[in-house]
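Listed below, chain by chain, are the residues.
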Amino acid sequence: MNSRISGFYRLPVEERLSIIAEQCNLSNEEKDILYGATAFPMSTADAMIENVVGIIPIPVGIATNFKINGKDTFIPMATEEPSVVAAASNAARIAYNKGGFFTSLSGSIMRGQIQVVDVKDPHAAKIRIYEKKSEILEKCNAQDPTLVSFGGGAKDIEVNVIETATQTMLILNLFVDTKDAMGANAVNTMAEAIAPMVESITYGRVILRIISNLADRRLARARAVFSAEGLGGKDVVRDIVNAYEFADTDPYRAATHNKGIMNGISAVVLATGNDTRAVEAGAHAYATTTGRYRSLTKYEINEDGDLVGSIELPMAVGIIGGATKTHPVARIGLKILNINTAEELAGCIAATGLAQNLAGLRALATEGIQRGHMTLHARNLAVMAGAAGDEIDQVVSQAVKEKDFRYDRILELTKQLQRGVVSGS
Ligand code: MEV
């Protein structure tokens, strides 16, 4: 498998699909599903959510040039935003010759929370809960023997007494190793199952029983070296670090900086049928853990003058259960990634987030993002205007030449071309 395919973006969709199908061993049936030739079954959609009346297709692109933990990897990305896939591929190309991305996961522990109110002696009740820890964990694990048989299950508890605006509450945090599952179902089932037991220990009233999306015991980490030469020189490296420091210090900038990271992360999370909102909530909450909303990435300059980027964020994603298995395209997304564990998936997602961020910072620190964006925007407008095949490139290159990306002008150019007035350039 070789993720470096030069000119991939210039190939027709069908050729790109053939290359990916060949390298990732996709069957003809899987190719048809990905291509949309096999319609997404309405019965599947109807079983996924309520009140179904239709489906909304989102393009799936493949980011190329990724090497992750020594393995060339194609990254499936589902996104409606132009430039995202190209930007991730460009950043990955710069990292490739320096070894690509290296990733790890801190664990696969998710946290469930059980809220107890009306406890007369919350501090003593906390201690009584700890005394019953084994029974609590046993009751939890009885809910999911399959998870336990794979080495997962409820592992520990932590009880906190918190002071809210009007009262004292007890919060029982339950730590569950969810292994290859995202884990929401397992954790929520366990949290609900132990609620009566918790009420009888505390003589209080349990209200909420729910997973926390601040999955700080499931942190995905990735790092990569981006050569100064590949980035455009030492001045670019310096200004990327300046851009990073701006984000790390000013929350207004950090929000946009982290949004750029999530452009990559959410696209892979979606393409693999995982919960984009869970990962987004975890990421933004984690960005505030020092008391200020900060950058999820860090950048340093190594002794060779190259840029070293790193990222760390909660990554509650799975490869079993939910849409990862029921959504036919998500299954293909996982196959394209060629991974066997949720840990590997989390690493690929973190690496994509880092690549996405680096690409954004590089563009912002140099020519700005609008040139690339407008070219892609012009493509969309040309398609909207009715351009097809080669006409699209001709209309876009004329619009770029004229630096005029208004829809009126693109429509005019398309019509002229179709009437044979513009010969193209
Ligand atoms: C646009 O979707 C994302 C960027 O604004 C991210 C950033 O500013 O770093 C380019």
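The notes below deal with the structure included here. (Residues numbered from 1 in each chain as written. Predicted model: local features only at pLDDT ≥ 70, side-chain atom pairs only at ≥ 80, totals over all residues. Heavy atoms only, no water.)

Right, let's get into the overall build of the chain. Broken down by element type, the chain carries 18 helices and 10 strands. For the C-alpha atoms alone, the extent of the chain along its principal axes is close to 85 × 55 × 40 Å. Every one of the 425 residues in the chain was classed for burial, and the buried ones make up 48%. Taking contacts inside the chain between residues at least 6 apart in sequence as the whole, the part at least 24 apart equals 72%. Computed over 43 positive and 48 negative side-chain charges, the inter-centroid distance for the chain is 2 Å. (Helix = DSSP H or I, 4+ residues; strand = E, 2+ residues; numbered from the N terminus. Buried < 20%, exposed > 50% of the residue type's maximum accessible area, 1.4 Å probe, protein only. Contact = heavy atoms within 4.5 Å. Lys, Arg positive; Asp, Glu negative; His and termini not counted. Charge placed at Lys NZ, Arg CZ, Asp CG, Glu CD.)

Take the pattern of salt bridges next. Evaluation of the coordinates by the stated rule reveals 20 salt bridges. For the salt bridge of Asp275 with Arg277, the shortest nitrogen-to-oxygen distance reads 3.2 Å. We note a salt bridge from Arg406 to Asp404, for which the minimum N-O separation is 2.7 Å. The exposure class of Asp404 is buried, given its relative accessible area of 15%. Linked by salt bridges that have partners in common, Asp235, Arg238 and Asp239 make up one network. (Salt bridge = Lys/Arg side-chain N within 4 Å of Asp/Glu carboxyl O.)

This part takes up the pairing of strand E4 (residues 109–117). Walk down a regular strand and you will see the side chains alternate between the two sheet faces. Across the nine residues that make up E4, a large majority, eight, are buried. Bridge analysis of E4 against strand E6 (residues 168–177) gives eight bridges, and the strand direction is antiparallel. Bridge pairing in E6 links Gln115 to Ile171. (Pairing = 2+ DSSP bridges.)

What follows concerns the sheet that holds strand E5 (residues 153–163). On the basis of which strands lie adjacent, the open sheet formed by four strands has the order E5-E6-E4-E7 and antiparallel pairing. Edge strands, defined here as strands with exactly one partner in the open sheet, are E5 and strand E7 (205–212). Each neighbouring strand pair of the sheet contributes to a mean axis angle of 20°, computed without reference to strand direction. On the sheet, helix H5 (residues 122–131) packs against E5 and E6 and is oriented at approximately 175° with respect to E5. Most of the contacts of helix H6 (residues 133–142) go to E5, to which it runs at about 125°, and overall it touches E5 and E6. (Axes fitted to C-alpha atoms, helices over the stretch in contact; angles between N-to-C directions.)

This next bit is on the packing of aromatic side chains. What the rule picks out here adds up to three aromatic pairs. Taking the centre distance of 5.3 Å and the plane angle of 20° together, the rings of Phe66 and Phe101 count as stacked. Highlighted residues: Phe66 in strand E1 (residues 60–68) and Phe101 in strand E3 (residues 101–105), separated in sequence by 35 residues. Each member of the pair, Phe66 as well as Phe101, carries the same accessibility label: buried. Ring geometry for Tyr244 against Tyr299: centres 5.9 Å apart, planes inclined by 70°, an arrangement best described as edge-to-face. Placement of Tyr244 in helix H10 (residues 234–249) and of Tyr299 in strand E9 (residues 297–301) is noted, with a sequence separation of 55 residues between them. An aromatic cluster is defined as three or more aromatic residues linked by ring pairs; in this entry it consists of Phe66, Phe101 and Phe226. Residue placement shows Arg4 over the ring face of Tyr96; its charged tip is 5.1 Å from the ring centre. The ring of Phe175 carries the charged tip of Arg217 above its face, separated from the ring centre by 3.7 Å. (Phe/Tyr/Trp six-rings, centres within 6.5 Å; stacked < 30°, edge-to-face > 60°. Lys NZ or Arg CZ within 6 Å of the ring centre and 35° of its normal.)

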